[in-house]
Amino acid sequence: MTYLTRTLTGLFAALFLSLATALLAQDETGIDYSAWESLAVRAETTVEQGRASDTALEDLRAEVAGWRDSFLQAQSINAQRIASVEAQIATLGPAPAEGETEDEELAARRADLNDQLTRLKAPSLRAEEAYVRANGVISEIDSIIRERQTSELLSLGPSPLNPAHWGEALMSLKTSVTATWAELTRNIQTPALRAEAQQKLPAILVLLAIAATLLLRGKGWARKGVDRMRGATRRGTGVWRFVLSLGQILLPYIGVLCLTVALLISGLPGQRWTLILEQVPLWMLIMLTIRWLADQSFNDDDAIATIALDRSERYAARAYANLLSLTFVARSVVQAMIEFDNLPESTAAVLDFPLLALSGFFLFRLGRVRNHAPFAGSAAAQTDEGPFRMRFARLMGRAAMVVGVLGPLLAAIGYYRVGEMLIYPFIATLGVIGLVLVLQRVINDLYELVTGESGAEADSLIPVLAGFMLVVLSLPFLALIWGARVADLTELWARFREGFQMGDTRISPSDFLVVIVVFVALLMLTRLLQGGLRSTVLPKTKLDQGARNAVVSGVGYIGIFLAAIIAVTAGGLDLSSLAIVAGALSVGIGFGLQNIVSNFVSGIILLIERPISEGDWIEVGGRHGIVKDISVRSTRIETFDRFDVIVPNADLVSGQVTNYTRGNVIGRIIVPVGVAYGNDTRKVERLLLDIARHHDMVLMNPPPAVIFMGFGADSLDFEIRAILRDVNQSMGVKSEMFHQIYETFTKEGIEIPFAQRDVWIRNPETLVKPGAGPDAPKDYTPVDREQRREASGPAFDAGEGDK
């Protein structure tokens, strides 16, 4: 039986076993413990003797596992009633200490409740004891089977390179082929079988015609459809191209089915041929699937290829993959012949070794191809996942090279089963990986079909999560391929359902699932309520934008809090036993997260008091900006330079914050103006006031004012003080006023001063020409001469200044 057959059979068996155990566990109160005792004793005796076959042990284990699931379900019997009685006992207060007494009626009630609690707990305690016993039996059976498998795998068998085994192997092969051919010849020569075949001849001919058509033309039809879709550029082409490419598998497979049915209904095949023909559809399906995966993985079209290789290497990769499919199926044919004729181990090793060696060689060659550098121009190489895929492909290529050499080498030494467990599962693993990559590409194409944009361009999380789910779903297949038993998977599922014990509470994954589902549902309901308030209800009220945002945020926080409480309650999680641990952890967490808690509380205060709101112009820490978002931990402010400043909420509550637009956007601006000395101050005041009054943004109530601030070092200083209807426009208003002031002052002849400075030199006699001696006459500029005259007085006019 091939690895794919084992995998599919194992998964169906696991599904059936899970369904059966679930049905057995439905009757929680009707467990027949006498039947269980009989089974447990029989199982323990069988395990102790250790003589049962693996098949018998597997059947026994499955039976015990069914009982174990029933016991697991029975542990929750009377859970609600037990909780109610325990709550009643707790209301009576603590039991009196030794030597103390309590009221007789109260003591009688306490004793009655304790008796009820004991009776209610009895079924669950008995189920728990039986569960532990069943779990122990299952663990012992698993240990025996694993030890047998390990011993069989590592046992040293006959070497296929030993010439002593070759003659027997060739003789067995010749006998099997001769018997198969003789069986067919004998049936054809039988008149009754020929007559039966002639009666069914029309149906046989129709099936043969369909088979020939599909086998000869089916794959070509599918390729033509794919090529036609490849030329289309409409959205979603990749999905339909994938669907059409499946015709390369389905059409030839249907042809093989028709051919097989035609041969079987003829009545001519005997027992041997019937065994072979029943396996032919499965073998052809494996071969066609591997060839299809090779075409999809190493396609010449970059939009189809899931692994980016150089174009010259893709043909070689497809060729080696197709050869692997042939050796994989040929090995299944040889195994069927070995099982039918019950050939000895030495003969089986000799007959199977050539196929094993060829498979190893093709794996090695395929690994070398996949280790080459990627084709940079391909689409897969240019995406974000391209480098990861190529690194993974290189890793698998190196593993293929190692396995391709090590498997045949171990088989040649005599560890034939180890060689088989390396080569053929690795080929199946490559097939599963290739299928996952193809399906991931299909998901991306489907996402593009639905949304109109590719997953890579949209940077969406949905294709990534879908790919992750594909990887998770492939893990059971990979486990079965590499020798895991169905029981191993069911055991993992049982452990998963069992959960873990924490104090007096058993927490199972189903409880967590209920908590997550309820929390997500209530969270979505909260978001819908927030959306309705934001878009429908609050706009019809008189609340300003800041108050609306505060209400919506408050509803969100309350909704999340209530969703968490309701979800935990719905899941039935009893967290009271964790109160002490949580209290101890809260102290350490409180010290470590005190800043975060402070910011959270400050965020709640900001939403309640609303000293600032979204859209306000504030100044904090010397930075001006517009409040864009108030979260539970921090507030985001966008500065006028268009970058964000994240301010912790605690700084906004405890620090000094200037809000320029709190409640309204009305605000005052001050425009400083300076004029030169000698100008008419009254005229300047009148002109400035006229400019302020005629601006559209300036309010007339209160009216603007012009203040003569004083005498500056260089100018007469004035200020325009005006109230604007929108202080956010203050910079534009100032700029416009400055323009008007300049134009008006120019027109009216009012001078705008600029700074002037006189420079006095303390020792002008030190200024000499370069190269002149100390007695050389000084060459003063007119300005220098005037300055020296003022500094030296009459002596300069007498000529002493020129000495």
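Values in this document were obtained by computation on a predicted structure and should not be read as measured data.

(A) Looking closely at the overall build of the chain. Counting its secondary structure elements, the chain contains 28 helices and 10 strands. Across the 803 residues of the chain, 38% fall into the buried class. A fraction of 71% describes how many contacts in the chain between residues 6 or more apart in sequence connect residues 24 or more apart.

(B) Up close: helix α6 (residues 166–188). Compared with the 33 Å implied by 1.5 Å per residue over 23 residues, the 33 Å span of α6 between its first and last C-alpha is a close match. The complete set of buried residues in α6 reads Ala 169, Ser 172, Ser 176, Thr 180, Glu 183, Leu 184 and Asn 187.

(C) Structural view of the sheet that holds strand β7 (residues 657–659). Read from one edge to the other, the open sheet built from five strands follows the order β6-β5-β4-β3-β7, with strand pairing classed as antiparallel. The open sheet has two edge strands with one neighbour each: β6 (644–648) and β7. Ignoring which end each strand starts from, the neighbouring axes of this sheet average 40° apart. With four bridges connecting them, strand β3 (residues 617–620) and strand β4 (residues 623–630) associate as antiparallel partners. Among the inter-strand pairings, Val 620 is bridged to a residue of β4, identified as Arg 623.

(D) Looking closely at the packing of helix α4 (residues 79–91) against helix α5 (residues 104–153). Where α4 meets α5, the axes come as close as 10 Å, and the angle between the chain directions of the two elements is 160°. If you check the angle between α4 and α5, you find them roughly antiparallel. Every pair of crossing elements has a handedness; the one defined by α4 and α5 is left-handed. Residue-level inspection shows Arg 81, Ile 82, Val 85, Glu 86, Gln 88 and Ile 89 of α4 in contact with α5, the latter providing Arg 109, Arg 110, Leu 113, Asn 114, Gln 116, Leu 117, Leu 120 and Lys 121.

(E) The arrangement of the pattern of salt bridges in detail. What the rule picks out here adds up to 27 salt bridges. In this structure, Arg 68 engages Glu 491 in a salt bridge whose closest nitrogen and oxygen atoms are separated by 2.8 Å. Here Glu 491 lies in helix α19 (residues 486–498) and Arg 68 lies in helix α3 (residues 54–74), a separation of 423 residues in the sequence. Per residue, the accessibility class of Arg 68 equals that of Glu 491, and both read buried.

(F) A look at the pairing of strand β9 (residues 705–711). Here six bridges tie β9 to strand β10 (residues 716–724), and the two strands are oriented antiparallel to one another. Looking at β10, one finds that Ile 707 is bridged to Glu 719.

(G) The packing of aromatic side chains, seen in detail. Under the definition given, this model contains 12 aromatic pairs. Between Phe 708 and Phe 711, the aromatic rings sit 5.6 Å apart at their centres with planes inclined by 70°, giving edge-to-face as the arrangement. For Phe 711, a relative accessible area of 65% gives the class exposed.

(H) Helix α11 (residues 271–297), seen in detail. A rise of 1.5 Å per residue sets the reference length of α11, with its 27 residues, at 39 Å; its end C-alpha atoms lie 40 Å apart and thus fit the reference within 8%. Largest kink in α11: about 35°, centred on Val 280, with the proline Pro 281 one to four residues after it.

(I) Geometry of the packing of helix α9 (residues 237–245) against helix α16 (residues 416–451). Contact pair α9 / α16: the axes reach a minimum separation of 7 Å and the direction vectors enclose 140°. If you check the angle between α9 and α16, you find them oblique. Along the contact surface, α9 presents Gly 238, Val 239, Trp 240 and Phe 242, while α16 presents Val 438, Leu 439, Arg 441, Val 442, Asp 445, Leu 446 and Leu 449. Its residues assigned to classes, the contact of α9 with α16 comprises eight nonpolar, one polar and two charged.

(J) Molecular detail of a nonpolar patch on the surface. A cluster of nonpolar side chains, contributed by Leu 201, Leu 205, Leu 208, Leu 215, Leu 216, Leu 259 and Leu 263, occupies part of the molecular surface with about 590 Å² of accessible area. Elements with a minimum of two residues in the nonpolar patch: α8 (201–231) and α10 (247–265). The greatest single-element share of the nonpolar patch, amounting to five residues, is contributed by α8. In this structure, Leu 208 sits in helix α8.

(K) Highlighting the sheet that holds strand β8 (residues 667–675). The antiparallel open sheet is built from three strands, whose spatial order is β8-β10-β9. Every interior strand has two partners, whereas the edge strands, β8 and β9, have only one. Ignoring which end each strand starts from, the neighbouring axes of this sheet average 25° apart. Here helix α25 (residues 681–693) sits on the sheet and contacts β8, β9 and β10; the angle it forms with β10, its principal contact strand, is near 20°. Helix-sheet contacts for helix α26 (residues 730–748) involve β8 and β10, and the interaxial angle to β8 is about 30°.

(L) Just the environment of Arg 682, in detail. Tracing the sequence through the fold places Arg 682 in helix α25. For the pair Arg 682 and Phe 708, spaced 26 residues apart in sequence, the C-alpha separation works out to 9.5 Å.

(M) Representation of unusual backbone geometry. Along the chain, Asn 701 connects to Pro 702 via a cis peptide bond; the corresponding omega equals 0°. Along the chain, Pro 702 turns up in the loop between α25 and β9. Phi is positive for Asn 342, which is not a glycine, with a value near 55°. Residue position: Asn 342 is located in the loop between α12 (311–341) and α13 (345–370). Note on Asn 342: relative accessible area 66%, which makes it exposed. A positive phi angle, near 65°, is found at Arg 642, a position not held by glycine. Mapped onto the secondary structure, Arg 642 falls in the loop between β5 (634–639) and β6. Looking at Arg 642, the relative accessible area reads 62%, which means it is exposed.

(N) Inspection of the pairing of β5 at higher detail. When β4 meets β5, the two strands line up antiparallel, connected through five bridges. The residue of β5 that forms the bridge with Gly 625 is Thr 639. Bridge count between β5 and β6: five bridges; the pairing is antiparallel. Bridged to Thr 635 within β6 is Val 647. In textbook terms, the turn of a hairpin is the stretch between consecutive antiparallel strands, and for β5 and β6 this stretch comprises four residues, one of which, Arg 642, has a positive phi near 65°.

(O) Broad picture of the environment of Met 524. Assignment of secondary structure puts Met 524 in helix α20 (residues 509–537). C-alpha separation for the pair Met 524 and Ile 560, spaced 36 residues apart in sequence, amounts to 9.8 Å.

(P) Focus on the side chain of Arg 68. Classification of Arg 68 by relative accessible area gives buried; the value is 2%. Among all residues touching Arg 68, those that are not within four sequence positions of it are Tyr 131, Ala 134, Asn 135, Ile 138, Glu 491 and Ala 494.

(Q) A look at the confidence of the model for the chain. Confidence in the prediction of the chain, expressed as mean pLDDT, is 81, and 82% of residues score 70 or more. Within the model, the stretch residues 14–29 combines pLDDT values under 50 with 18 contacts to residues more than four positions away or in other chains. Taken as a whole, residues 372–384 scores under 50 in pLDDT and shows 30 contacts with residues more than four places along the chain or in a different chain.

About the cut-offs
Residues numbered from 1 in each chain as written. Predicted model: local features only at pLDDT ≥ 70, side-chain atom pairs only at ≥ 80, totals over all residues. Heavy atoms only, no water. Helix = DSSP H or I, 4+ residues; strand = E, 2+ residues; numbered from the N terminus. Buried < 20%, exposed > 50% of the residue type's maximum accessible area, 1.4 Å probe, protein only. Contact = heavy atoms within 4.5 Å. Expected span 1.5 Å × (residues − 1). Pairing = 2+ DSSP bridges. Axes fitted to C-alpha atoms, helices over the stretch in contact; angles between N-to-C directions. Parallel < 35°, antiparallel > 145°, perpendicular 65-115°, else oblique. Left-handed = near helix turned anticlockwise from the far one by under 90°. Salt bridge = Lys/Arg side-chain N within 4 Å of Asp/Glu carboxyl O. Phe/Tyr/Trp six-rings, centres within 6.5 Å; stacked < 30°, edge-to-face > 60°. Bend = angle between axes of the 7 residues up to and from the residue. Nonpolar A, V, L, I, M, F, W, Y, C, P; charged D, E, K, R; others polar. Patch = residues over 30% accessible without salt bridge, like charges linked within 9 Å, V, L, I, M, F, W, Y side chains within 5 Å. Areas by Shrake-Rupley, 256 points an atom, 1.4 Å probe, with all protein chains shown as cover. pLDDT = per-residue confidence, 0-100.

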